[in-house]
Amino acid sequence: MANAGVLAAATDAAGEASRRLVGQMLRAFAVDAKEPLPEAPAPKRLLRGMVRGRRGGGC
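Residues numbered from 1 in each chain as written. Predicted model: local features only at pLDDT ≥ 70, side-chain atom pairs only at ≥ 80, totals over all residues. Heavy atoms only, no water.

A. A look at the pattern of salt bridges. In the structure shown here, the tally under the stated rule is one salt bridge. Glu16 is paired through a salt bridge with Arg45; the nearest N and O atoms lie 2.4 Å apart. In this pair, Glu16 is assigned in helix H2 (residues 14–29) and Arg45 in helix H3 (residues 43–54), connecting sequence segments 29 residues apart. We classify Glu16 as partly exposed; its relative accessible area is 24%. Judged by relative accessible area, Arg45 falls into the partly exposed class, the value being 30%. (Salt bridge = Lys/Arg side-chain N within 4 Å of Asp/Glu carboxyl O. Helix = DSSP H or I, 4+ residues; strand = E, 2+ residues; numbered from the N terminus. Buried < 20%, exposed > 50% of the residue type's maximum accessible area, 1.4 Å probe, protein only.)

Following this line, the structure appears as C-alpha cells:
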C-alpha cells in the first residue's frame, strides 16, 4: 500500500521513488543492513511528478 501511494504521487519519478522506498523497507527489516540505498529521485523531478499527478496526468 505504501508503494502504491508513492507510485501514484510521484508519477514521473515513480520508478526511482519506488526503488528507494523498497530499499528503505528491506533495509529496515534486514538483520545486517550494509547495502546502500538506491538513489533518491532529484527533488525537482519528484515535485514535478507530484504536481502532474494532482492535475490528473499521473500513471
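There's plenty left to go through after this.
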